[in-house]
Amino acid sequence: MKILATGVEGQLARSLVERSAFHSGIELLAIGRPQLDLAVQGSAAAAIESVQPQIVINAAAYTAVDKAEDEPELAFRINADAAGELAAAAARAGAAMVQVSTDYVFDGSRQGPYDERIPTSPLGTYGRSKLAGEEQVRAANPRHAIVRTAWVYSPFGSNFVRTIMNAARTRDMLTVVDDQVGSPTSALDLADGLLRMATSWMDDPDRGLGTVYNLAGSGSASWCGLASFIMAECGKRSLPSAEVRPIATSDWPTKAERPANSVLDSSKFTKQFGFRMPDWQQSVSAVVERLAAQSVA
Ligand SMILES: NC(=O)c1ccc[n+]([C@@H]2O[C@H](COP(=O)([O-])OP(=O)(O)OC[C@H]3O[C@@H](n4cnc5c(N)ncnc54)[C@H](OP(=O)(O)O)[C@@H]3O)[C@@H](O)[C@H]2O)c1
């Protein structure tokens, strides 16, 4: 089964490449700029026509949440219009389209975990552009799955785990927001889940298509709780560690407003594809361990 993943240098695409090596029936090709530039109309279709995949996983996105407030057209071009073009080209090639989306489609005003039935209401441009991407994908290809994830980290690229580990090299004390709660997600686990979904389509090509799934690390944490856990894991390995102190969102103003609660309930995905995301603590520990072994964070 041939899978085309976009965003080759991104956390998720790199994780997909790494984890697909464990699936003998899967050939995964990841592409990105300059071969595939989602800012350019027609680029998506050309890539799919040349590769002729059975599945397209759109792991590329405009992910700069604050910068999106200043570049809404570019954010919508990449996250919405290009996603729709990928989905339409996938449909013409007879391929299923997996659109990776975000917890930031929710406004975070709810208590408790969000499931897929809860109405969306994004607070910022990034969330609005990703929600528009979901809508365009839905309209362009009935054989789609929209997979919302959250708070993604990995051994690759820039992410919260690496930022905290790097900050602890030069600072004794870090202040971290404690009133935003979410579902920290290892891109490696996310890749495992998406590949489980893809392998299930070898036997049943339409299984669970045409709907939205949450797929995020099990459990929940605040940014401050996550940072404290990362520092404890570093301490255990004699890596640089700093004291973590809680602050409020109002003490750390950002251009884009973030949801106060975006904990995702992934049980629909578990029921459909028999895959449960590991507890976030287990996966953070594994990524810290890997970064420690590489001696780079
Ligand atoms: N990161 C998170 O915390 C988070 C949270 C919720 C949902 N998500 C979603 O999860 C998915 C994967 O995220 P990630 O963390 O892997 O993102 P990432 O590490 O920021 O990677 C995004 C990739 O998209 C590529 N990209 C951006 N603009 C492009 C363009 N015009 N043409 C082609 N490629 C382009 C980037 O390419 P370059 O390397 O060339 O810049 C980059 O490789 C995305 O759909 C994201 O919205 C992420």
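Residues numbered from 1 in each chain as written. Predicted model: local features only at pLDDT ≥ 70, side-chain atom pairs only at ≥ 80, totals over all residues. Heavy atoms only, no water.

**Student:** Explain helix α2 (residues 43-51) here, please?
**Tutor:** In an α-helix there are 3.6 residues to a turn, and that puts residues three or four apart on one side. Three or more residues of α2 are buried, namely Ser-43, Ala-44, Ala-45, Ala-47, Ile-48 and Val-51. Here the buried face of α2 lies against β1 (2-6), β2 (27-31), β3 (55-58) and α3 (72-92). Positioned one or two residues after α2, Gln-52 has a phi angle of 55 degrees, which is positive. (Buried < 20%, exposed > 50% of the residue type's maximum accessible area, 1.4 Å probe, protein only. Helix = DSSP H or I, 4+ residues; strand = E, 2+ residues; numbered from the N terminus. Contact = heavy atoms within 4.5 Å.)

**Student:** I keep staring at the pattern of salt bridges and nothing clicks. Help me out?
**Tutor:** Two side chains of opposite charge can pair, provided their charged atoms sit close to one another. With the rule as written, the count across this model stands at 15 salt bridges. Salt-bridge contacts for Asp-279 lead to Arg-276; the nearest nitrogen and oxygen are separated by 3.2 Å. Sharing partners across several salt bridges, the network here consists of Glu-18, Arg-19, Asp-192 and Arg-290. (Salt bridge = Lys/Arg side-chain N within 4 Å of Asp/Glu carboxyl O.)

**Student:** Got a minute to help me understand the environment of Ile-247 in this structure?
**Tutor:** If you trace the backbone, Ile-247 turns up in strand β12 (residues 243-247). Exposure remark for Ile-247: the relative accessible area of 16% places this residue in the buried category. Each C-alpha atom, one on Ile-247 and one on Asp-179, is 7.8 Å from the other, the two residues being 68 residues apart in sequence. In contact with Ile-247, other than residues within four places in its own chain, are Thr-175, Val-176, Val-177, Asp-178, Asp-179 and Trp-252.

**Student:** Help me understand the environment of Ile-230 in this model?
**Tutor:** Summarising the element assignment, Ile-230 is placed in helix α7 (residues 223-236). C-alpha separation for the pair Ile-230 and Ala-216, spaced 14 residues apart in sequence, amounts to 18 Å. With residues up to four places along the chain from it excluded, the contact list for Ile-230 reads Phe-160, Val-161, Ile-164, Met-165, Val-284 and Val-288.

**Student:** I'm lost on the sheet that holds β2 in this one. Help?
**Tutor:** Backbone-to-backbone hydrogen bonds join strands into a sheet, with any given pair of strands oriented parallel or antiparallel. If you trace the six strands from one edge of the open sheet to the other, you get β2-β1-β3-β4-β5-β10, paired in parallel fashion. The outermost strands of the open sheet, each flanked by one partner alone, are β2 and β10 (211-214). Averaged over all pairs of adjacent strands, the angle between strand axes in this sheet comes to 20 degrees, irrespective of strand direction. In this structure, β1 lies alongside β3, joined through three bridges in parallel fashion. Each residue of the ladder has a partner; that of Ile-3, found in β3, is Ile-55. (Pairing = 2+ DSSP bridges. Axes fitted to C-alpha atoms, helices over the stretch in contact; angles between N-to-C directions.)

**Student:** Is there a simple way to explain the nonpolar core in this structure?
**Tutor:** Among soluble globular proteins, nonpolar side chains are generally buried collectively. In this structure, Leu-38, Val-161, Val-176, Leu-226, Ile-230 and Met-231 are the most contacted members of the largest nonpolar core, which totals 60 residues. Listed by contribution, the elements that provide at least two residues to this core are α2, α3, α4 (125-140), α5 (160-170), β7 (173-177), α7 and α9 (280-294). Counting residues per element, this core draws most heavily on α3, at eight residues. Those residues in contact with Leu-38 that lie beyond four places of it in its chain are Ala-44, Asn-58, Ala-60, Arg-77, Ile-78, Ala-82 and Leu-86. (Core = buried A, V, L, I, M, F, W, Y, C linked by side-chain atoms within 4.5 Å.)

**Student:** Is there a simple way to explain the site of the ligand in this structure?
**Tutor:** Within the structure, the ligand sits among 25 residues, and Arg-33, Leu-38, Thr-63, Tyr-126 and Lys-130 are positioned closest to it. In this structure, an oxygen atom belonging to the ligand sits 2.8 Å away from a main-chain N or O atom of Leu-12. Between Val-152 and the ligand, the recorded distance is 2.9 Å, taken from a backbone N or O atom to an oxygen atom. Protein contact buries 82% of the 890 Å² of open area that the ligand shows by itself. Put simply, the parts of the chain that give the shell around the ligand at least two residues each are α1 (11-20), β4 (96-102) and α4. A per-element tally of the shell around the ligand places β4 first, with three residues. In terms of residue class, the shell around the ligand is made up of 13 nonpolar, seven polar and five charged. (Near = heavy atom within 4 Å. Polar contact = N/O pair within 3.5 Å; in protein donor to acceptor, adjacent residues only side chain to side chain. Areas by Shrake-Rupley, 256 points an atom, 1.4 Å probe, with all protein chains shown as cover. Nonpolar A, V, L, I, M, F, W, Y, C, P; charged D, E, K, R; others polar.)

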